Amino acid sequence: MNILLTGGAGLIGMAARETLAGAGHAVTAVDITDFGRGDTMLRIIGLDDRDALDALIQAKNIDAVVHCGAISGPMMARGEPLKIVSVNIDRTALLLDLARIHRMKRFVFCSSISVYGDAGPITINEETQLHPTSVYGASKVAGEQLVEGFASEYGLDGVSLRIGRVYGPYRRANCFLNDIIRNAEARKRTTIPCDPDFIYHYVHVDDVAGAIAAVLAAPAFPRRSYNVGAGEALTMPQIADVAADAIAGADIELVPGADDVPDVQTDFDTGRIGRDLGWRPRLPLAAGLRAYRDAILAGRSA
Ligand SMILES: NC(=O)c1ccc[n+]([C@@H]2O[C@H](COP(=O)([O-])OP(=O)(O)OC[C@H]3O[C@@H](n4cnc5c(N)ncnc54)[C@H](O)[C@@H]3O)[C@@H](O)[C@H]2O)c1
C-alpha cells in the first residue's frame, strides 16, 4: 500500500515507518518537526496544512493513512486542553475527510488505553464502557467516534488501536524504563515514586508497530477498535525485578508516590486482536527492555 504516516518523528511513528517499509509498503512520513535529527525522508508538514497534505496524497497516490500524529498524552500539554482538542480531534477529522475524498482503503487511528479511564478491578476488553478521566482520553474517544462515523456514513474502512503504555527508542515523554536503562549505564540509582499495588500495562513500540502492520494486512476487521498491549499486567515492584535481571547495573529504589496517569486499570485484555487478526505481541518486558537498552546504546533515542 502507499501509506501516509503522520507523527513520523514520534515514538510510534519512527518504529512504524521501519516496520511498514519492511512489510513492503511505500511509506510517506510527515511531522511538524524532525526534532533536529536531519531526517531527510520525513516531510515537514503540520496536521493543519490541508492543502499540503492534499497535494502529497495526490502526488504519492496514497491509499491508506496511519495516524500517529497527536498530542500524545496529558503530560504533553498540561494546562492546554484546547490544544489537545484541536490537534487530536480537529486534525483527526481533517485526515479522515481527506481519506474520504481520496477514497482510501484504510485508516488506522492510534487511540489509547486512556479511553477506559479509571476502570477499577475489572477485565478491560473492547466492550468495556469508555470513561476517560482527562481531556486527552476524551480526545481519543472523540477520535474513535469519528472513525466510526466516517466508516458508517462514508464506508471508510477505519480502525482504532487502544494502545497501552508505550516504551522504546525515540520516546520523549517521561519514562521510568528509560531512566532505569540510562542510570544503569551511568552507574546511578533510579528512584521511582509509586504505589506498589498500581498496575502498569507497558508495551514495546515494535509490538505496536507490528499491530499496525497487522491491521493494514487484514482483509477485513470484525471490529473497529482493538486493545494493543504486551499482555502483561505488572506492578512497579515486579517491573523493578524484571529490570534488575534484564539490565546489568540496574539499581532501583521504590519510594511512596503516585503515577502521572493514576487510572486504575487492573486487567487489560489484549487477546481480541490476536483472535480476529492473528497479531500477538513478541516482546515481553525483559526482552523489550534489552532491545530498548541496545537501541539507546546504538544512539537511537529522542
Ligand atoms: N506513547 C504512548 O504511551 C501512547 C499510548 C497510547 C496511545 N498513544 C498514541 O499513539 C500516537 C503516537 O504517539 P507517540 O507515543 O508516538 O507520541 P509522540 O509524541 O512521540 O509522537 C507524536 C508526533 O506527533 C507530532 N505532532 C504533534 N502535533 C502535531 C501537529 N500539529 N502537526 C504535525 N505533527 C504533530 C509530534 O511532533 C510527534 O512527533 C498518539 O496518537 C498517541 O496519543 C501513545
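Conventions we followed
- Each chain carries its own residue numbering, running from 1 in the direction its sequence is written.
- Selection of residues for local features in this predicted model requires a pLDDT of at least 70, selection of side-chain atom pairs for listing and counting requires 80 or more, and totals for whole chains, interfaces and linings are taken over all residues.
- Computation of side-chain values covers all heavy atoms of the structure but excludes hydrogens and water.
- Each axis is a line fitted through C-alpha atoms, taken for helices only over the stretch in contact, and angles between the N-to-C directions span 0 to 180 degrees.
- Elements are defined by DSSP. Helices are runs of H or I of four residues or more, strands are runs of E of two residues or more, and each kind is numbered from the N terminus.
- The cut-offs work like this: below 35 degrees is roughly parallel, past 145 is roughly antiparallel, 65 to 115 is roughly perpendicular, and the gaps in between are oblique.
- Take the far helix as the reference: if the near one is turned anticlockwise from it by less than a right angle, the crossing is left-handed, and if turned clockwise, right-handed.
- Contact definition: two residues touch when any of their heavy atoms are within 4.5 Å.
- Polar here means any residue outside two lists: the nonpolar Ala, Val, Leu, Ile, Met, Phe, Trp, Tyr, Cys and Pro, and the charged Asp, Glu, Lys and Arg; Gly therefore counts as polar.
- One heavy atom within 4 Å of a molecule or strand makes the whole residue count as near it.
- Any N or O atom pair separated by 3.5 Å or less is treated as a polar contact, with the protein-specific requirement of one donor-capable and one acceptor-capable atom, and with residues adjacent in sequence counted only for side-chain atom pairs.
- Here, Shrake-Rupley sampling with a 1.4 Å probe gives the accessible areas, and only protein chains in the shown set may cover a residue.
- Here, expected helix span is obtained from the residue count minus one, scaled by 1.5 Å.
- Working definition: with a 1.4 Å probe on protein chains only, accessible area under 20% of the residue-type maximum means buried, over 50% means exposed, and in between means partly exposed.

Trainee: Give me the packing of helix H1 (residues 11–22) against helix H6 (residues 205–217): which residues, what numbers.
Mentor: H6 packs onto H1 with a crossing angle of 55 degrees between their chain directions and a minimal axis gap of 8 Å. Relative to H6, the element H1 is oriented oblique. Relative to H6, H1 is oriented so that their crossing is right-handed. Only Val 205, Asp 206, Val 208, Ala 209, Gly 210, Ile 212, Ala 213 and Leu 216 of H6 make contact with H1, whose side of the interface consists of Leu 11, Ile 12, Ala 15, Ala 16, Thr 19 and Leu 20. Looking at the contact of H1 with H6 residue by residue, the classes come out as 11 nonpolar, two polar and one charged.

Trainee: I'd like a description of the site of the ligand, backed by residues and values.
Mentor: The ligand sits among 28 residues. The nearest are Asp 31, Ser 72, Tyr 136, Lys 140 and Arg 172. One of the backbone nitrogen or oxygen atoms of Ala 70 is found 3.2 Å away from an oxygen atom of the ligand. One of the side-chain nitrogen or oxygen atoms of Lys 140 is found 2.6 Å away from an oxygen atom of the ligand. Burial of the ligand by the surrounding chains reaches 91%, relative to a free accessible area of 820 Å². Elements that contribute at least two residues to the shell around the ligand include exactly H1, strand E5 (106–112), helix H4 (135–154) and strand E8 (165–167). No other element matches the three residues that E5 contributes to the shell around the ligand.

Trainee: Residue-level account of H4, with values.
Mentor: For H4, spanning 20 residues, the distance from its first C-alpha to its last is 27 Å, which sits close to the expected 28 Å at 1.5 Å a residue. The set of residues buried in H4 consists of Tyr 136, Gly 137, Ser 139, Lys 140, Val 141, Gly 143, Glu 144, Val 147, Phe 150 and Ala 151. Contact partners of the buried residues in H4: helix H3 (81–101), E5, strand E7 (158–163) and strand E12 (225–228). Downstream of H4 by a residue or two, Gly 155 has a phi angle that is positive, lying close to 75 degrees.

Trainee: An account of the side chain of Thr 28 is requested, with residue identities and associated values reported.
Mentor: By secondary structure assignment, the location of Thr 28 is in strand E2 (residues 26–31). Residues in contact with Thr 28, not counting those within four places in the same chain, are Ile 3, Leu 4, Leu 5, Arg 43, Leu 56, Lys 60 and Ile 62.

Trainee: Which residues make up the packing of helix H7 (residues 236–246) against helix H9 (residues 285–297), and what values do they have?
Mentor: Two numbers describe how H7 lies on H9: the axes approach to 9 Å, and their chain directions differ by 55 degrees. With respect to H9, the element H7 is oriented oblique. The way H7 lies across H9 gives a crossing that is right-handed. Touching Ile 239, Val 242, Ala 243 and Ala 246 of H7 are Leu 285, Ala 286, Leu 289, Arg 290 and Arg 293, all from H9. Its residues assigned to classes, the contact of H7 with H9 comprises seven nonpolar, no polar and two charged.

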